[in-house]
Amino acid sequence: MTAAPALSIPVTPASDASPAWRLPDRGKVGMMCFIIAESAIFTIFVVAYLFYLGKSLTGPTPGDVLETPIFYTICLLSSSVTIHLAVKRLARGRSLSFLLLWLLTIVLGGLFMYGTAQEWHRLIYEHGLTISTSLFGTTYYSLVGLHAFHVTVGLVMLAIVLLLGLTGRVRVAQSARVDVLSMYWHFVDVVWVVVFTVVYIVGR
Amino acid sequence: MRSLFIVLLAALGVGAAAAARAQAPYPDRPVRLIVPYIAGSAPDVGWWAYAPLTARAFSPGSSSDYWTIAVLVSGFGSVATAVNLIATILGMRCPGMTLGRMPLLAWLYLTMSGMALIAITPLSAAQLMLLVDRYLGGHFFDTQAGGSATLWMHFFWIFGHPEVYILIIPCFAFMSEIIPVFSRKPIFGYPVMVAATVCIAFVSMSVWAHHMFTIGMSSYANTFFVITTMAVGVPTGIKIFNWLGTMWGGRIQFKTPMLFAIAFLFQFLIAGLTGIMLAAAPFDWQLSLSYFVVAHFHYVIVGGILFAIFAAFYYWYPKVTGRMLSERLGKLHFWLFVIGFHLTFDLMHVPGILGMPRRIYTYEPGRGWDTLNLIVSIGAFIQGVAILVFVVNLIVSYWKGARAGKDPWDGWTLEWSVSSPPPAYNFASVPTVASRRPLWDEKHPEDPDSRYE
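Definitions and cut-offs
- Residues numbered from 1 in each chain as written.
- Chains lettered and ligands numbered in written order.
- Predicted model: local features only at pLDDT ≥ 70, side-chain atom pairs only at ≥ 80, totals over all residues.
- Helix = DSSP H or I, 4+ residues; strand = E, 2+ residues; numbered from the N terminus.
- Rg over C-alpha atoms; globule rule 2.2 N^0.38 Å.
- Contact = placed C-beta atoms within 7 Å.
- Domains from an automatic or database assignment.
- Nonpolar A, V, L, I, M, F, W, Y, C, P; charged D, E, K, R; others polar.
- pLDDT = per-residue confidence, 0-100.
- Axes fitted to C-alpha atoms, helices over the stretch in contact; angles between N-to-C directions.
- Parallel < 35°, antiparallel > 145°, perpendicular 65-115°, else oblique.
- Left-handed = near helix turned anticlockwise from the far one by under 90°.
- Core = buried A, V, L, I, M, F, W, Y, C linked by C-beta atoms within 7 Å.
- Buried ≥ 20, exposed ≤ 12 C-beta atoms within 10 Å, placed from the backbone.
- Expected span 1.5 Å × (residues − 1).

1. As for the overall build of chain B
In terms of regular secondary structure, chain B is built from 13 helices and zero strands. Secondary structure of chain B in N-to-C order comes out as α-α-α-α-α-α-α-α-α-α-α-α-α. The C-alpha atoms of chain B give 24 Å as radius of gyration, which agrees with the globular expectation for 453 residues (22 Å, within 12%). In chain B, the proportion of contacts linking residues at least 24 apart, taken out of those at least 6 apart, comes to 77%.

Rendered as structure tokens:
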């Protein structure tokens, strides 16, 4: 066995003459795995939502009470663009514009959460729809709530990075890690595309 | 990022525990899996936890909630482990360790972890729904409000069947390491072994409803699940042929690990064959919920999984502790266990075919099951004695066993190149690998595998 120093790049190349030994980034691999696992959870909730469509014994029905949250959807989807640009800026070492775009991402995510809160308030107080009202209530609040929970967790993590950034601890060296976090945020946005389609388009 | 992720998981765990605490009659007991037993009642919903048994009306108190939360939290742990294994296997290989040169054990763990990601999580999702039903008055599985008991069955078995393969694939991994070493031949058909494993992972994701033939699904659904279940036998058969191909013409050493491995091959084959029988829906209608099914899955889990785990114990114990397990006690353990196993589980098929249902605690005499069940019980006692021999072996050999040295089996994979037990840093310098059997290459520089691969 050729002894190489404790590095991932051998001094003596392997006999297959590959010049550099490159491996996938384990942070990204880990996050991809986490996202696959999360996708399975969301799939089960989406299946339950679709399976129970129109099977509620009592009203209100989705068609009666749901309004398409177009503005807040645009907010959330744009936040994917801003976080992508923010990571690009950070990789190029432009800390200030990274922080501004990062803050904008949090604001857009926060707006989306405000939209969800407003919708739930309207459904509960105007239409009397709670999680125990009917199958629609159970499946709707569970699916949208599960997504909102993921957005909230994302916002908390984004806020932690923002605080670290404001104290000057997020630099080019950390951009790969920040990129891994952005994968989670993109995932949350993609899930919303599915939830939006299922709840507000197919489900009505 | 990894620490953030761990914090997130920990927070989820604490949150779940806090939620349990809010409802618990004994708020400060720390061990949540044990709590329901201390609190006076075990979870009383059966291991399938079918609706409506889990409804508040039929399972009052909090024992089912502890069960739900325990399963949920251990599910997060399983997923975190799977993430860890995949990231390690893909992202931390030593130079030259291409995917095509990884030990089959690493390949099979990679496959198993990938399955865990998408098989454990549906159960977590279903448990979340159950919590919504029990705590927030939801109706997911509440048939009174239009909910469906069948939906729970599907969600449960979408987890429940792939789970069997999550259990058995690591055992396939042990076989793929042990059989070549004791046959003194490299594994037969390495790429086919990898392909068959990945194929099992895919197909086994679409067989779950063969646990549900008796609930009255449509004939199309029944047909689909019959076909997929029979199909999953094909790659499994390929693996068995490849292990036999590895042994064929080899100079087989009948050490204890190899004895357990050979028994595994025969017993897992029979377990697979009764599985193919049960895969036929009409046959399953007759024998579902009978002792035939109980015998079948014990053949898988004891005859397959447990034998493989014993083989792995005897094979890697020297690496873990630095001491050999006693061969004499090992052979005694093996023969007692084989005899006990076959007395119990071969004969258990018969009362099943004669109509004995599972989950009964007694029956009237004169049904023709008495003698068979007596022999089944005797076999179980023999297995118990065998396990005692094993435990004695584990304990005695830890202090009195022969020194193992680095490489007691003349192995070919890298764990045998370091001292036993391995140092905390594993390798003083990261090795470079040029073939599937790096240690063979080092021992035989005149004829390395890398020349042929």
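2. Some points on the overall build of chain A
Scanning chain A from terminus to terminus reveals six helices and zero strands. Mapped in sequence order, the helices and strands of chain A form the string α-α-α-α-α-α. Relative to the 2.2 N^0.38 estimate, which gives 17 Å for 204 residues, the radius of gyration of chain A is 22 Å and therefore markedly larger than a compact globule would have. If you line up chain A on its principal axes, its C-alpha atoms span 70 × 40 × 20 Å. When contacts within chain A are restricted to residue pairs at least 6 apart in sequence, long-range pairs at least 24 apart make up 77% of them.

3. Some points on the domain arrangement of chain B
All names here are of chain B. Each assigned domain of chain B is listed with its residue range as follows: domain 1 (11–253) and domain 2 (264–359 + 367–408). Placing the centre of domain 1 and that of domain 2 at their C-alpha centroids yields a distance of 21 Å. Every contact between the two is made by 18 residues of domain 1 and, on the other side, 19 residues of domain 2. Broken down by element, the side of domain 1 that touches domain 2 gets its largest block of residues, eight residues, from helix α7 (residues 219–247). Taken together, the residues that form the side of domain 1 that touches domain 2 break down as twelve nonpolar, six polar and no charged.

4. Here we look at the confidence of the model for chain A
Across chain A, the average pLDDT comes to 91, with 91% of residues at 70 or higher. Here residues 1–17 of chain A scores under 50 on pLDDT; set against residues more than four positions off or in separate chains, the count is 38 contacts.

5. Things to note about the interface of chain B and chain A
At the interface, 44 residues of chain B touch 44 residues of chain A. Of all the secondary structure elements, the ones that give two or more residues to the side of chain B that touches chain A are α1 (2–23), α3 (63–91), α4 (104–136), α5 (149–183) and α13 (438–443) of chain B. When residues of the side of chain B that touches chain A are assigned to their parent elements, the largest contribution, ten residues, is made by α4 of chain B. Of the residues assigned to the side of chain B that touches chain A, the class counts are 29 nonpolar, twelve polar and three charged.

6. Notes on the packing of helix α4 (residues 95–127) of chain A against helix α5 (residues 135–166) of chain A
How two helices pack is summed up by the angle between their axes together with the distance between the axes. Residues and elements named next belong to chain A. For the pair α4 and α5, the least separation of the axes is 10 Å and the interaxial angle reads 155 degrees. Between α4 and α5, the crossing angle belongs to the class labelled roughly antiparallel. Like other packed secondary-structure pairs, α4 and α5 cross with a definite hand, here left-handed. On α5, the residues touching Leu 99, Trp 102, Leu 103, Thr 105, Ile 106, Gly 109, Gly 110, Phe 112, Met 113 and Thr 116 of α4 are Val 144, Ala 148, Val 151, Thr 152, Gly 154, Leu 155, Leu 158, Ala 159, Val 161, Leu 162, Gly 165 and Leu 166. Looking at the contact of α4 with α5, its residues break down into 15 nonpolar, seven polar and no charged.

7. Here we look at the nonpolar core
Residues and elements named next belong to chain B. Counting 162 residues, the largest nonpolar core has Met 175, Ile 178, Phe 260 and Ala 311 as the members making the most contacts within it. Here this core gets 20 residues from one element, more than from any other, and that element is α5. Among the domains, domain 1 (11–253) and domain 2 (264–359 + 367–408) are the pair contributing at least three residues each to this core. Residues in contact with Ala 311, not counting those within four places in the same chain, are Phe 174, Ile 178, Pro 257, Phe 260, Ala 261 and Phe 264.

8. Section: α5 of chain A
The end-to-end C-alpha separation of α5 of chain A is 46 Å, in line with the 46 Å expected for 32 residues at 1.5 Å each. Gly 168 of chain A, located one to two residues past α5 of chain A, shows a positive phi value of around 80 degrees.

9. Some words on unusual backbone geometry
All names here are of chain B. Cis geometry is adopted by the peptide bond preceding Pro 52, which originates at Ala 51 and carries an omega value of 0 degrees. Relative to the elements of secondary structure, Pro 52 occurs in the loop between α2 (35–38) and α3. Here Ser 420 and Pro 421 are connected by a cis peptide whose omega angle stands at -10 degrees. One non-glycine residue with positive phi stands out, namely Asp 410, at about 55 degrees. Among the secondary structure elements, Asp 410 is positioned in the loop between α12 (370–400) and α13.

10. Concerning the confidence of the model for chain B
Residue and element names in this part refer to chain B. Put simply, chain B has an average pLDDT of 91, and 91% of its residues get 70 or more. Below a pLDDT of 50 lies the segment residues 1–32, which in the model reaches 36 contacts outside its immediate sequence neighbourhood of four places, other chains included. For this predicted complex, the interface score ipTM comes out at 0.90, alongside a pTM of 0.90.

11. Remarks on the environment of Leu 289 of chain B
All names here are of chain B. Here Leu 289 shows up in the loop between α9 (281–287) and α10 (291–321). You can call Leu 289 partly exposed: it has 13 C-beta atoms within 10 Å. In sequence terms Leu 289 and Thr 197 are 92 residues apart; their C-alpha atoms lie 29 Å from each other. Apart from the residues lying within four places of it in its own chain, the contact partners of Leu 289 are Pro 357 and Arg 358.

12. Describing the environment of Ser 450 of chain B
Residue and element names in this part refer to chain B. Looking at the element boundaries, Ser 450 is found in the segment after α13. According to the C-beta neighbour criterion, Ser 450 is partly exposed, with 18 such atoms within 10 Å. The spatial distance from the C-alpha of Ser 450 to the C-alpha of Val 433 is 9.1 Å, given a sequence separation of 17 residues.

13. Considering the packing of helix α3 (residues 70–91) of chain A against helix α6 (residues 175–202) of chain A
Residue and element names in this part refer to chain A. For the pair α3 and α6, interaxial distance at closest approach is 10 Å and the crossing angle is 165 degrees. One way to sum up the angle between α3 and α6 is to call them roughly antiparallel. Every pair of crossing elements has a handedness; the one defined by α3 and α6 is left-handed. Of the residues in α6, those touching α3 at Thr 73, Leu 76, Leu 77, Ser 80, Ile 83, His 84, Val 87, Leu 90 and Ala 91 are Ser 175, Val 178, Asp 179, Ser 182, Trp 185, His 186, Asp 189, Trp 192 and Phe 196. Grouping the constituent residues of the contact of α3 with α6 by class yields ten nonpolar, six polar and two charged.

14. Examining the environment of Val 71 of chain B
All names here are of chain B. Along the polypeptide, Val 71 turns up in helix α3. Taking the C-alpha atoms as reference points, Val 71 and Ile 120, separated by 49 residues in sequence, lie 9.9 Å from one another. Leaving out residues up to four positions away in the same chain, Val 71 has contacts with Leu 123 and Gln 127.

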